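Here's the letter readout for the chains.
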2 protein chains.
Amino acid sequence: MTQTTAVATEETESTDICSPPPRRHPRPDGQDSYTISEVVAFTGLTAHTLRWYERIGLMAHVDRSHTGQRRYTNRDLDWLDLVGKLRLTGMPVADMVRYAELVRAGESTYGERYELLEATRRDVLARIAELRDTLAVLDYKIGIYANAGQSYETARTR
Amino acid sequence: MTQTTAVATEETESTDICSPPPRRHPRPDGQDSYTISEVVAFTGLTAHTLRWYERIGLMAHVDRSHTGQRRYTNRDLDWLDLVGKLRLTGMPVADMVRYAELVRAGESTYGERYELLEATRRDVLARIAELRDTLAVLDYKIGIYANAGQSYETARTR
DNA sequence: CGCTTGCCTGGAGTGCACTCCAAGGCCATA
DNA sequence: TATGGCCTTGGAGTGCACTCCAGGCAAGCG
């Protein structure tokens, strides 16, 4: 395994210049109008969760049909994508709501948003390092179990 | 089963594939007897959590002093270390309890333990991949805010 | 017309992983 | 003897992130 101190430099190398993430939407802009169940199918979230996200302000108010049903746009899908990614980092929902509020507040909050994302980035790097550490332990133990055909286990690691 | 099997010998160094994780204990084996507050200081867990771990079977019964107070050993510290690592992977406590039960059940469960650790290993790898993906998105957005933020700052201070 | 399907709402419920409480035991120092 | 500190217990409480429920509306179909 490489040294843990090499992580930081590796990262700067892997993301030299930002490549825009390629997105495919189910429908092109202009015809982007999805029912809640379509969004469920696309995101893997439940309808409950989608409505709950909107209630707590994690999503801006979603467009409605003339009968009051939700109609999601490609932009909503993108937002949900970002939310999903942030959720994977372990960011609390309250923090994501805060970010959503900053976005709604306009461009005067660019600085704050930058700080928030930077902090999150540091968290992600730290978490990756932790996971690598854990992986080493796991590999070590797996090695023991793979080798230990009928020899008894070490007391040390139980 | 109060009988701790006499496996105090170290046969850990028989494996050559993985480097054994270096462990430093506050006290050498033989004088390893820690109060709950010492373990709190060493692990970062709370006393509540330590007692709770024991109650739910995530730890084997801890030794007691003649007055009934818990006295942790180096082995307990090692176990808590592993638990901490597994917790970082997002493994549910119930699964860790299951692993603890397998360990207590003896060497007939080697296969199952192996499977469990292997599955966890795959989870960890998948999570690392997810985090890298998230990192790319984060870097992309940070790049945007860095540029836009600069122009906003410029516009502000102009 | 009724039936099914899909969606709506506010509020209540769930599961997890702790986290704390109240009441008390032991023991060293003052 | 008293005070303070550290520890014990079972059980209750907390916070988070959903998850579900009851009751109801609107559209499409035979």
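Worth saying up front: this structure is predicted, and the values here are computed from it rather than measured.

Q: In this structure, what is going on with the protein's contact with DNA strand C? I would like to understand it.
A: Taken together, 18 residues form the shell around DNA strand C, and within it A:Ser37, A:Arg51, A:Arg70, B:His48 and B:Thr67 come nearest. Here DNA strand C approaches the protein such that, of its atoms within 4 Å, sugar and phosphate make up 74%. Within the contact set of DNA strand C, a phosphate oxygen lies 3.3 Å away from a side-chain nitrogen or oxygen of B:Arg87. For the surface near DNA strand C, the elements supplying multiple residues, two or more each, are helix H2 (36-43) and helix H3 (47-55) of chain A together with helix H2 (47-55) of chain B. In terms of residue count, the dominant contributor to the surface near DNA strand C is H2(B) (four residues). Among the residues making up the surface near DNA strand C, the classes are represented as five nonpolar, eight polar and five charged.

Q: I tried to follow the protein's contact with DNA strand D on my own but got confused; where do I start?
A: Around DNA strand D, 18 residues are found, and the nearest of them are A:His48, B:Ser37, B:Arg51, B:Arg55 and B:Arg70. Counted by atom, the contact set of DNA strand D within 4 Å of the protein is 73% sugar and phosphate. The contact in question runs from a phosphate oxygen of DNA strand D to an N or O atom on the side chain of B:Thr35, over 3.3 Å. Contacts to DNA strand D include B:Arg55, whose side-chain N or O atom sits 3.1 Å from a base nitrogen. Put simply, the parts of the chain that give the surface near DNA strand D at least two residues each are H3 of chain A together with helix H1 (36-43) and H2 of chain B.

Q: Would you mind going over the nonpolar core with me for this structure?
A: One broad trend across soluble globular proteins is that nonpolar side chains are buried collectively. Ranked by size, the top nonpolar core spans 69 residues in total, and within it A:Tyr72, B:Tyr72, B:Trp79 and B:Tyr99 carry the most contacts. Split by domain, this core shows at least three residues from each of two domains, domain 1 (26-93) and domain 2 (106-158) of chain B. Once you skip the residues sitting within four places of it in the chain, B:Tyr99 turns out to touch A:Lys141, A:Tyr145, B:Trp79, B:Leu82, B:Arg113, B:Leu116 and B:Leu117.

Q: Where do I start with the packing of aromatic side chains in this structure?
A: Aromatic ring pairs are described here by two measures, namely the spacing of the ring centres and the angle between the planes. Applying the stated criterion across every chain yields a total of six aromatic pairs over all chains. Considering the side-chain rings of A:Trp52 and A:Tyr53, the 5.8 Å spacing of their centres and the 40° angle between planes classify their relative orientation as tilted.

Q: For this particular structure, what's the right way to read the pattern of salt bridges?
A: It is possible for side chains bearing opposite charge to pair when their charged atoms get close. Tallied over the full model, the rule gives 14 salt bridges over all chains. A salt bridge links A:Lys85 to B:Asp133, with the nearest nitrogen and oxygen atoms 3.4 Å apart. Note that A:Lys85 is positioned in helix H4 (residues 74-88) and B:Asp133 in helix H5 (residues 110-157), a pairing that runs across two chains. Its salt-bridge partner being B:Asp139, residue A:Arg121 comes within 2.5 Å of it at the nearest N-O pair. Here B:Asp139 lies in helix H5 and A:Arg121 lies in helix H6 (residues 110-147), a pairing that spans two chains. Overlapping salt bridges, with partners in common, bring together A:Glu54, A:Arg64 and A:Arg70 in one network.

Q: Help me understand the side chain of A:Thr109, please; the structure alone is not making it clear to me.
A: Residue and element names in this part refer to chain A. Secondary-structure assignment places Thr-109 in the loop between helix H5 (93-105) and H6. In terms of polar contacts, Thr-109 uses its side chain to reach the backbone carbonyl oxygen of Leu-102, at 2.7 Å. One polar contact links the side chain of Thr-109 to the main-chain carbonyl oxygen of Gly-106, over a distance of 2.8 Å. Excluding anything up to four places from it in sequence, Thr-109 contacts Leu-102 and Val-103.

Q: Quick question: what am I supposed to make of the side chain of B:Thr89 here?
A: Topologically, B:Thr89 is positioned in the loop between helix H3 (74-88) and helix H4 (93-105). A distance of 2.5 Å separates the side chain of B:Thr89 from the backbone oxygen of B:Leu86, its partner in a polar contact. Among residues more than four places away in sequence, those in contact with B:Thr89 are A:Leu131, A:Thr134, B:Thr120, B:Val124 and B:Arg127.

Q: I tried to follow H3(A) on my own but got confused; where do I start?
A: Since the α-helix packs 3.6 residues into each turn, any two residues three or four apart lie on the same face. Residues and elements named next belong to chain A. Leu-50, Tyr-53 and Glu-54 are the residues of H3 that are buried. Buried positions in H3, seen along its axis, are confined to an arc of 95° and lie on one side of it. When the buried face of H3 is taken as reference, the exposed residues oriented beyond 90 degrees from it are His-48 and Arg-55. Phi turns positive one or two residues past the end of H3, at Gly-57, with a value near 90°.

Q: Can you help me understand H3(B) in this one?
A: Residues and elements named next belong to chain B. Between the first and last C-alpha of H3 there are 21 Å, a value that for 15 residues agrees with the 21 Å anticipated at 1.5 Å per step. For H3, the set of buried residues is Asn-74, Asp-76, Leu-77, Asp-78, Trp-79, Leu-80, Leu-82, Val-83, Lys-85 and Leu-86. Backbone geometry just downstream of H3 places Gly-90 in the positive-phi region, at approximately 90°.

Q: So what exactly am I meant to see when it comes to the confidence of the model for chain A here?
A: One rule of thumb: low pLDDT means the predicted coordinates there are not for detailed reading. Residue and element names in this part refer to chain A. Here chain A shows a mean pLDDT of 83. Residues at 70 or above account for 79%. Confidence over residues 1-16 falls short of pLDDT 50; this stretch has 11 contacts with residues more than four positions distant or in other chains. Below a pLDDT of 50 lies the segment residues 150-158, which in the model reaches 33 contacts outside its immediate sequence neighbourhood of four places, other chains included.

Rules used in this analysis
- Residues numbered from 1 in each chain as written.
- Chains lettered and ligands numbered in written order.
- Predicted model: local features only at pLDDT ≥ 70, side-chain atom pairs only at ≥ 80, totals over all residues.
- Heavy atoms only, no water.
- Near = heavy atom within 4 Å.
- Polar contact = N/O pair within 3.5 Å; in protein donor to acceptor, adjacent residues only side chain to side chain.
- Helix = DSSP H or I, 4+ residues; strand = E, 2+ residues; numbered from the N terminus.
- Nonpolar A, V, L, I, M, F, W, Y, C, P; charged D, E, K, R; others polar.
- Core = buried A, V, L, I, M, F, W, Y, C linked by side-chain atoms within 4.5 Å.
- Buried < 20%, exposed > 50% of the residue type's maximum accessible area, 1.4 Å probe, protein only.
- Domains from an automatic or database assignment.
- Contact = heavy atoms within 4.5 Å.
- Phe/Tyr/Trp six-rings, centres within 6.5 Å; stacked < 30°, edge-to-face > 60°.
- Salt bridge = Lys/Arg side-chain N within 4 Å of Asp/Glu carboxyl O.
- Arc of directions from axis to C-beta.
- Expected span 1.5 Å × (residues − 1).
- pLDDT = per-residue confidence, 0-100.

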